[in-house]
Amino acid sequence: MSNAPVDKGRRRFLTVATSVVGAAGAVGVAVPFIASWNPSEKAKNAGAPVEVNIGKTEPGQLIRVEWRGQPVWVVRRTPEMLASLETLNDKLRDPNSDEPQQPEYAKNLHRSRKEEYFIAVGICTHLGCSPQYLENTMGELVEGAQGGFFCPCHGSTFDIAGRVFQGVPAPYNLVIPPHYYINDTTILVGEDGEQA
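These numbers were taken from a predicted model, which means no experiment stands behind them.

1. Notes on the UniProt feature "transmembrane region" (unreviewed entry) in the chain
Phase 1: Per the UniProt record, "transmembrane region" (unreviewed entry) is found at residues 12–35.
Phase 2: The annotated region residues 12–35 carries 100% helix and 0% strand content, and the separation between its end C-alpha atoms amounts to 34 Å.

Written as structure tokens, this is what we have:
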């Protein structure tokens, strides 16, 4: 050991400098660690709203898009399809959409903002299969139905408004996602928008 006097100024400087370098290192480690908690761009995009162009959709046509990893159907219904909706009420499990499977603005006969277009998540409410769209042959499964959806996994059937028929395994109507019309030819699926 040396008998030289202790330079307190130098010791204080070294202590402060070491503390500053240690704090900077801790911040350098903490920032990327905390940033890793945020969702990735891929995850953000997976939940982002989806624009659907319906400008060239023909009557009776189904368009499929993906929103949050799920298929979403947009069907342009024909006048015959719309006319058949009221005639099927006695065959449906939930004809008035009392179960909360849709936003409040879609709790109506046609289960949509505009009766001509039907927008729904294309997943059966029984076990999560994806039903088939039957534009012209739904009447073979359910008398009086003008178009609808059939789940081949267990035989569930839904009318053209996504309402489930009685006597099938599916317990609820198809889910209606939040959506609104940006203009006459574009729908935004995933947000309710300002329209009501």
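2. Side note on the environment of Glu-51
Phase 1: Inspection of the secondary structure puts Glu-51 in strand β1 (residues 50–53).
Phase 2: Taking relative accessible area as the criterion, Glu-51 reaches 57% and is therefore assigned exposed.
Phase 3: Glu-51 sits 135 residues away from Thr-186 along the chain, and the two C-alpha atoms are 6.6 Å apart.
Phase 4: Filtering out sequence-adjacent residues up to four positions away, Glu-51 remains in contact with Ile-182, Thr-186, Ile-187 and Leu-188.

3. Side note on the domain arrangement of the chain
Phase 1: Per the domain assignment, the segments of the chain are domain 1 (1–38) and domain 2 (50–189).
Phase 2: Distance between the C-alpha centres of domain 1 and domain 2: 64 Å.

4. Points about the UniProt feature "domain: Rieske" (unreviewed entry) in the chain
Phase 1: Residues given the UniProt feature "domain: Rieske" (unreviewed entry) here are residues 91–188.
Phase 2: Strand forms 24% of residues 91–188 and helix 0%; the C-alpha atoms that close the span are 32 Å apart.

5. Some remarks on the sheet that holds strand β8 (residues 179–183)
Phase 1: Ordered in space as β1-β9-β8, the three strands form an open sheet in which the pairing is antiparallel. Pairing within the sheet leaves two strands with one partner each, and these edge strands are β1 and β8. Pairwise comparison of adjacent strand axes, ignoring direction, gives a mean angle of 30° for this sheet.
Phase 2: When β1 meets strand β9 (residues 186–189), the two strands line up antiparallel, connected through four bridges.

6. With respect to unusual backbone geometry
Phase 1: Residues other than glycine seldom take positive phi values, yet Ser-97 does so here, at roughly 55°.
Phase 2: Turning to its location among the elements, Ser-97 is positioned in the loop between α3 (79–84) and β4 (117–121).

7. Considerations on the environment of Gly-25
Phase 1: With respect to the helices and strands, Gly-25 occurs in helix α1 (residues 8–35).
Phase 2: A residue is classified by how much of its surface remains accessible, and Gly-25, at 37% relative accessible area, is partly exposed.
Phase 3: Spatially, the C-alpha atoms of Gly-25 and Ile-123 are 50 Å apart, while their sequence positions differ by 98 residues.

8. Section: the pattern of salt bridges
Phase 1: Going through the model one piece at a time under the given rule, you end up with three salt bridges.
Phase 2: Where Arg-76 meets Glu-116, a salt bridge forms, and the shortest distance between an N and an O atom there is 2.5 Å. Of this pair, Arg-76 sits in strand β3 (residues 70–76) while Glu-116 sits in the loop between α3 and β4, and the two are 40 residues apart along the sequence.
Phase 3: The partly exposed category is assigned to Arg-76, whose relative accessible area is 21%.
Phase 4: With relative accessibility at 30%, the residue Glu-116 sits in the partly exposed group.
Phase 5: In this structure, Asp-159 and Arg-163 form a salt bridge, with 2.7 Å as the shortest nitrogen-oxygen distance.
Phase 6: Asp-159 sits in the buried class, given a relative accessible area of 0%.

What counts, and at which threshold
- Residues numbered from 1 in each chain as written.
- Predicted model: local features only at pLDDT ≥ 70, side-chain atom pairs only at ≥ 80, totals over all residues.
- Heavy atoms only, no water.
- UniProt positions renumbered as here; feature names shortened; annotations may be inferred.
- Helix = DSSP H or I, 4+ residues; strand = E, 2+ residues; numbered from the N terminus.
- Buried < 20%, exposed > 50% of the residue type's maximum accessible area, 1.4 Å probe, protein only.
- Contact = heavy atoms within 4.5 Å.
- Domains from an automatic or database assignment.
- Pairing = 2+ DSSP bridges.
- Axes fitted to C-alpha atoms, helices over the stretch in contact; angles between N-to-C directions.
- Salt bridge = Lys/Arg side-chain N within 4 Å of Asp/Glu carboxyl O.

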